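Coordinate analysis (summary)
Here is what each chain is made of, one letter per residue.
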Amino acid sequence: MSRLFSDHFLAGLTPDERTLVEKLRTLCDTRIGPAAARVAQDDVFAWDNFRLLVEEGIIATAFPREYGGTDSRQAVRIRLIEELGRVCSASASLVTGADLSTRAITAGASDEWKRRLLPGLCSGELQAAFGLTEPGAGSDVRSLRTFMKRDGGDYIVTGEKKFITRAGTADWLVIVGRSAADNEQFIAVLIHRDSPGVTISDTVPKLGWYGVPIASIVLDGVRVPCSQRLGAEGDGFALAQDALVRARIGHASMALGRAIGAVEIASAYATDRNLFGRTLGSHQGVQWMLADMVTKLEASRALVATAAGKYDNGDEDAAIFASMAKLHATDLGMAVVTDALQLTGGRGFLQDFPLSRFFRDAKLNQIGEGSSEVHKTVIGRSIVRRIKDCDRNPALRDGPLTDY
Ligand SMILES: Cc1cc2nc3c(=O)[nH]c(=O)nc-3n(C[C@H](O)[C@H](O)[C@H](O)COP(=O)(O)OP(=O)(O)OC[C@H]3O[C@@H](n4cnc5c(N)ncnc54)[C@H](O)[C@@H]3O)c2cc1C
């Protein structure tokens, strides 16, 4: 059987990378897809799926080889995340979240701490959570008010973190705050969940993304040895941004995977359903809807692949392309899932039908890891900053444009 969406992106992968994608595809068909409704219904951390993804080497794609990982290119990770997004957002989020929550450790921990934590994080014996957002600092992330005050060889950390995925299950918390001594300096540290002064709330109920719970964290004078700092003092923001660029590419591919799944389901319904004496899918209005969805999705997949390639090459504009990919793919993902649900009528609204889950899950991709509005701001700001150093369009005559 062929798939509705073509496999052209697999052509750019190595044979080993293709094998991994194909293996995951089989797992999605046989285990992850059929279990997705139950995972959402249980709405506790999806341990079974997580362990399966560990066993099959999918979680390892985020980790360096020397600590048990495969250090995979984003070019292959987006294919894996897309496959998972097509059937189960929670499972896709287990892959993006494993990366987000550990990336600053990989990039910034001392060799000793990497040796202590990364093998366990890669094998799933340990869990981490990434604590950046606060009650007063979400989109405006530079207004963090978690303070780290130096006291001899320790930091005393005081603050509050909100919406933190995996906080309830994490052994280690990656906490980003600001130096009490220098307001302009951001610091990232590793804090064990059982450290005195750490309080983690109960799971906070939410609209979707069931199977990946969130909680709040209060840090009340938590003493943290400076050896648990990630990177140098002042590197905290750059480490967070590095993790977020990868996570944005992941959110984009998850949104596209889900939208691909939605189009598959809506198209199948359109051929099954008879009304007004013919199938729903034989109506031109329906075909045009499907044509728009598929065409835009293929364009967005190309943009996400470009962003992933730029990240893999270490290109300077990788972060801006990650913003464009996330903005485009997640806004499109929401629109496509909405239209797909519309095409399936009342059935789309039933809890038992996968599209209601897809619909609930789509929204967070537009909000987390920088909302669509934040990415528009970042992209727009970069355009007006760069244009003055760029080649002038040769159709213009010399002199200021205001002279026209
Ligand atoms: C399920 C879930 C999981 C999460 N997991 C984590 C996690 O693991 N770790 C973590 O640190 N954080 C996490 N977050 C937090 C998430 O990153 C933030 O919710 C997000 O960054 C937005 O911040 P906010 O919710 O405070 O919204 P606000 O900052 O209050 O923004 C509200 C709205 O205003 C819009 N807006 C902002 N600026 C502008 C502007 N200039 N112009 C126009 N509109 C604007 C935004 O787009 C947004 O829609 C999670 C959130 C959720 C819901």
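For the structure, see preceding data.
Residues numbered from 1 in each chain as written. Predicted model: local features only at pLDDT ≥ 70, side-chain atom pairs only at ≥ 80, totals over all residues. Heavy atoms only, no water.

Thoughts on the side chain of Arg-86
When you line up the elements, Arg-86 lands in the loop between α3 (74-85) and α4 (89-108). Residue Arg-86 is classed as buried on the basis of its relative accessible area, which comes to 15%. (Helix = DSSP H or I, 4+ residues; strand = E, 2+ residues; numbered from the N terminus. Buried < 20%, exposed > 50% of the residue type's maximum accessible area, 1.4 Å probe, protein only.)

Brief notes about helix α8 (residues 318-343)
Between its terminal C-alpha atoms α8 stretches 36 Å, which fits the 38 Å expected from 26 residues at 1.5 Å a residue. Of the residues one or two after α8, Gly-345 is the one with positive phi, at around 60°. (Expected span 1.5 Å × (residues − 1).)

What to know about the packing of α4 against helix α6 (residues 236-272)
The contact between α4 and α6 brings their axes to 9 Å, and the two run at 165°. As far as their axial angle goes, α6 and α4 are roughly antiparallel. The handedness of the crossing between α4 and α6 is right-handed. Facing α4, whose interface residues are Ser-89, Ala-92, Ser-93, Thr-96, Asp-99, Leu-100, Arg-103, Ala-104, Ala-107 and Gly-108, α6 presents Leu-239, Asp-242, Ala-243, Leu-244, Arg-246, Ala-247, Gly-250, His-251, Met-254 and Arg-258. Residue composition of the contact of α4 with α6, by class: nine nonpolar, six polar and five charged. (Axes fitted to C-alpha atoms, helices over the stretch in contact; angles between N-to-C directions. Parallel < 35°, antiparallel > 145°, perpendicular 65-115°, else oblique. Left-handed = near helix turned anticlockwise from the far one by under 90°. Contact = heavy atoms within 4.5 Å. Nonpolar A, V, L, I, M, F, W, Y, C, P; charged D, E, K, R; others polar.)

Examining the packing of aromatic side chains
For the structure shown, the criterion picks out five aromatic pairs. Relative to Phe-50, the ring of Phe-45 has its centre 5.8 Å away and its plane inclined at 55°; by these criteria the two rings are tilted. The exposure class of Phe-45 is buried, given its relative accessible area of 5%. The buried category is assigned to Phe-50, whose relative accessible area is 2%. Ring centres 5.2 Å apart and planes at 45° place the aromatic pair Phe-186 and Phe-237 in the tilted group. Taken together, the residues span a long stretch of sequence, with Phe-186 in strand β5 (residues 186-192) and Phe-237 in helix α6 at a distance of 51 residues. Exposure remark for Phe-186: the relative accessible area of 3% places this residue in the buried category. Three or more aromatic residues joined by ring pairs form one cluster here, namely Phe-45, Trp-47 and Phe-50. (Phe/Tyr/Trp six-rings, centres within 6.5 Å; stacked < 30°, edge-to-face > 60°.)

Let's talk about the site of the ligand
The local shell around the ligand holds 15 residues, among which Thr-133, Ser-139, Thr-165, Ser-371 and Glu-373 are the closest. Within the backbone of Leu-132, a nitrogen or oxygen atom sits 2.9 Å from an oxygen atom of the ligand. Between Ser-139 and the ligand, the recorded distance is 2.7 Å, taken from a side-chain N or O atom to an oxygen atom. Coverage of the ligand by the protein chains reaches 64% of its 990 Å² of free accessible surface. If you tally residues by element for the shell around the ligand, the top one is strand β3 (residues 154-165), at three residues. Considered class by class, the residues forming the shell around the ligand number seven nonpolar, five polar and three charged. Formed jointly, the shell around the ligand draws a minimum of three residues from each of two domains, domain 2 (128-234) and domain 3 (237-387). (Near = heavy atom within 4 Å. Polar contact = N/O pair within 3.5 Å; in protein donor to acceptor, adjacent residues only side chain to side chain. Areas by Shrake-Rupley, 256 points an atom, 1.4 Å probe, with all protein chains shown as cover. Domains from an automatic or database assignment.)

As for the state of the cysteines
Counted according to the given criterion, the structure contains zero disulfides. Left without a disulfide partner, Cys-88 is nearest to the cysteine sulfur of Cys-28, which lies 8.3 Å away. Judged by relative accessible area, Cys-88 falls into the buried class, the value being 1%. (Disulfide = S-S within 2.5 Å.)

Concerning the nonpolar core
Residues Leu-24, Ile-32, Leu-53 and Ile-105 are the most contacted members of the largest nonpolar core, which totals 64 residues. When residues no more than four places from it in sequence are discounted, the contact partners of Ile-105 are Lys-114, Leu-117, Leu-118, Leu-121, Ala-128, Val-174, Leu-190 and Leu-230. The next biggest cluster of nonpolar side chains, apart from the first, holds 38 residues, and it includes Ala-266, Leu-297, Ala-318 and Met-334. (Core = buried A, V, L, I, M, F, W, Y, C linked by side-chain atoms within 4.5 Å.)

Concerning the packing of helix α2 (residues 47-55) against α4
For the pair α2 and α4, the least separation of the axes is 10 Å and the interaxial angle reads 55°. On the basis of the axis angle, α2 is oblique to α4. Once α2 is placed against α4, the crossing between them reads as right-handed. Side by side, α2 and α4 meet where Asn-49, Phe-50 and Leu-53 of the first sit next to Ser-91, Leu-94 and Val-95 of the second. Tallied by class, the residues present in the contact of α2 with α4 amount to four nonpolar, two polar and no charged.

Function-wise, these values are silent; they only describe arrangement.
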